[in-house]
Amino acid sequence: MGGGVGRVLRNFIGSSHEQEDFFHQLICLDYANNDTKEWSKKFGIELFENGITDYQLLESKIKETDIVHIHFWNHPLLYRFLSIDSFPQFRAVIWSHVNGHHPPNIFTDQVLLYPDFFVISTEYSLSSDAIKRQTVEWREKNLKLVFETAGYEHVEGVHHLDHSFFNIGYIGTVSYSKMHRDFLEICYSIQIPDKKFIVCGGDDHNHLQKEADDKGYLNIFDFTGPLKNIKPILSKLDVFGYPLCKENYGTGEQVLIEAMACGVVPVVLDNGPERFIVEQYKSGIVASTIEEYQKAIEFLYYNPNIRQKMAEYAIDQVIHKMSIKKTRNRWHKIYRELLKIPQKNHVLKDSNNNPINHPNMGCKLFLLSLGETKISHLYSNLLSLPNNRDIHTLGITESMSPIFCSPSKGSVFHYFSFFPDDMQLKTLCDLTNSICKGKNNL
């Protein structure tokens, strides 16, 4: 329960717990980090770790609960959980923490139809291919929307401090799996004096710092690495520069909300989720191109009065539209609707409606998670190639996003880390590794 999603869940569950309408227990399919353990003790919320290896625990908790609330993104253990076909009947709701547009973090028909209610966390998800494929009846009955926010209370009290440079901040996932691949060049080419880019977060911050050094850009960058407390950073930012890659999987983008709550005006690219958070020319600027993005930051530098008006509007927008109470109340309404639905069996099956069993379960789940996409078919073709595999003839080197070179984020490496005995996954890892090295993504 790390990152922005972890903060959303902790703040929501904590707020729900205080309301005393619903009683929460939490099962992490993998380990729980120390912050989550301390938080659960503070709120008196029962927490279980490594749930995927303890079937009896999962079965007993599902049997005794009224609602199973599943938090979704492409993770091998989540897909493994969904594929278990021996659970007792239960009520299920899925809240997606990805927008569902780009593999490996897409929606599939199997996942959408698994729960009683499927809940998206950004309006952008409504235009995803899988949701558009569903019937009007399903969308009206089974699809819900709860905007993803952790609230703003945890960044209240930030006061802007005097500083020497014009500070442009980036906080979040420091990796080309989410950032724009030309992030360094985009920043370097912005034409303002005394510019400083403060980049906070992991996982590849050391790699980006070295890349900036090799390019001769390091003098304008400050890479802090992951931080537990971002309030000191927010107190010295003039603009929040957040250029993500087109294929980013984001929804609520908590760092955007936190920056806006502190009066730090955001400039973003129009990739989808961002346009449903930033109100154009009111609480920030949504740029259609890289050039527009750079010009927007230059505009805010040379027009401090306009920047101040945007900052005031951004604070007001967050307070009135993005409180954790709104999230809690919306979820409590959904919970009450769920309680009227009879319990039933829920299980994820393959495209032929067959159970997903061994052998090669990891590979089957990985391919299933990619749906009927080009990259899924390319991976399937890789498995059928002869020993002298010519990966270039498949076009996979051109179509593969940097996220597939990540050790996590739903990549083949991520799946292999949890299914290390799956030889088909190992084959795909070896081939993907050679592709990523060729693309200079590792």
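Residues numbered from 1 in each chain as written. Predicted model: local features only at pLDDT ≥ 70, side-chain atom pairs only at ≥ 80, totals over all residues. Heavy atoms only, no water.

A.B. asks: I'd love a proper account of the side chain of histidine 180, names of residues and values included.
C.D. replies: Tracing the backbone through its elements, the reader meets histidine 180 in the loop between strand 9 (166-171) and helix 8 (183-188). Classification of histidine 180 by relative accessible area gives buried; the value is 18%. Within the structure, histidine 180 has its side chain in polar contact with the backbone nitrogen of aspartate 182 (distance 3.0 Å). Apart from residues lying up to four places away in sequence, histidine 180 is in contact with Ile186, Pro243, Leu244, Cys245, Leu269 and Ile290. (Helix = DSSP H or I, 4+ residues; strand = E, 2+ residues; numbered from the N terminus. Buried < 20%, exposed > 50% of the residue type's maximum accessible area, 1.4 Å probe, protein only. Polar contact = N/O pair within 3.5 Å; in protein donor to acceptor, adjacent residues only side chain to side chain. Contact = heavy atoms within 4.5 Å.)

A.B. asks: Lay out the nonpolar core in plain terms, naming residues and giving numbers.
C.D. replies: Counting 60 residues, the largest nonpolar core has Phe183, Phe221, Leu234 and Phe240 as its most contacted members. No other element matches helix 11 (residues 254-261), which puts six residues into this core. Setting aside chain neighbours within four positions, we find phenylalanine 240 in contact with Gly169, Tyr170, Ile171, Val255, Leu256, Ala259, Val264, Val265, Pro266 and Val267. Core analysis: the next-biggest nonpolar cluster, separate from the first, contains 55 residues, Val68, Leu78, Ala92 and Val412 among them. (Core = buried A, V, L, I, M, F, W, Y, C linked by side-chain atoms within 4.5 Å.)

A.B. asks: I'd like a description of helix 1 (residues 3-19), backed by residues and values.
C.D. replies: Taking 1.5 Å as the rise per residue, helix 1 with 17 residues should run 24 Å; its terminal C-alpha atoms sit 25 Å apart, in good agreement. Taken together, the buried positions of helix 1 are Gly6, Val8, Leu9, Arg10, Phe12, Ile13, Gly14, Ser15 and Ser16. Among the structural elements, strand 1 (25-27), helix 2 (34-43), strand 3 (68-72), strand 4 (92-96), helix 11 and helix 14 (324-338) are those in contact with the buried residues of helix 1. Following helix 1 by one or two positions, glutamate 20 has its phi on the positive side, about 65°. (Expected span 1.5 Å × (residues − 1).)

A.B. asks: Tell me about the sheet that holds strand 12 (residues 239-242), and name the residues and values.
C.D. replies: Taken together, the six strands give an open sheet; going across it, the order is 11-10-9-12-13-14, and neighbouring strands pair in parallel fashion. The open sheet has two edge strands with one neighbour each: strand 11 (221-225) and strand 14 (285-287). Neighbouring strand axes in the sheet, compared pairwise and without regard to direction, differ in orientation by 20° on average. Two strands pair when backbone bridges link them, and strand 10 (residues 195-200) and strand 11 are joined in this way by four bridges, in the parallel orientation. If you follow cysteine 200 over to strand 11, its bridge partner there is glycine 225. (Pairing = 2+ DSSP bridges. Axes fitted to C-alpha atoms, helices over the stretch in contact; angles between N-to-C directions.)

A.B. asks: Lay out the state of the cysteines with the relevant residues and their values.
C.D. replies: Across all of its chains, the model carries one disulfide by this definition. A disulfide bridge connects cysteine 405 with cysteine 436, and the sulfur atoms are separated by 2.0 Å. Disulfide cysteine 405-cysteine 436: torsion about the S-S bond near -95°, hence left-handed. Here cysteine 436 lies in helix 19 (residues 423-438) and cysteine 405 lies in the loop between helix 17 (396-399) and helix 18 (412-418), a separation of 31 residues in the sequence. The exposure class assigned to cysteine 405 is buried, which follows from its relative accessible area of 5%. Unpaired in terms of disulfides, cysteine 245 finds its nearest cysteine sulfur in cysteine 405, a separation of 12 Å. (Disulfide = S-S within 2.5 Å.)

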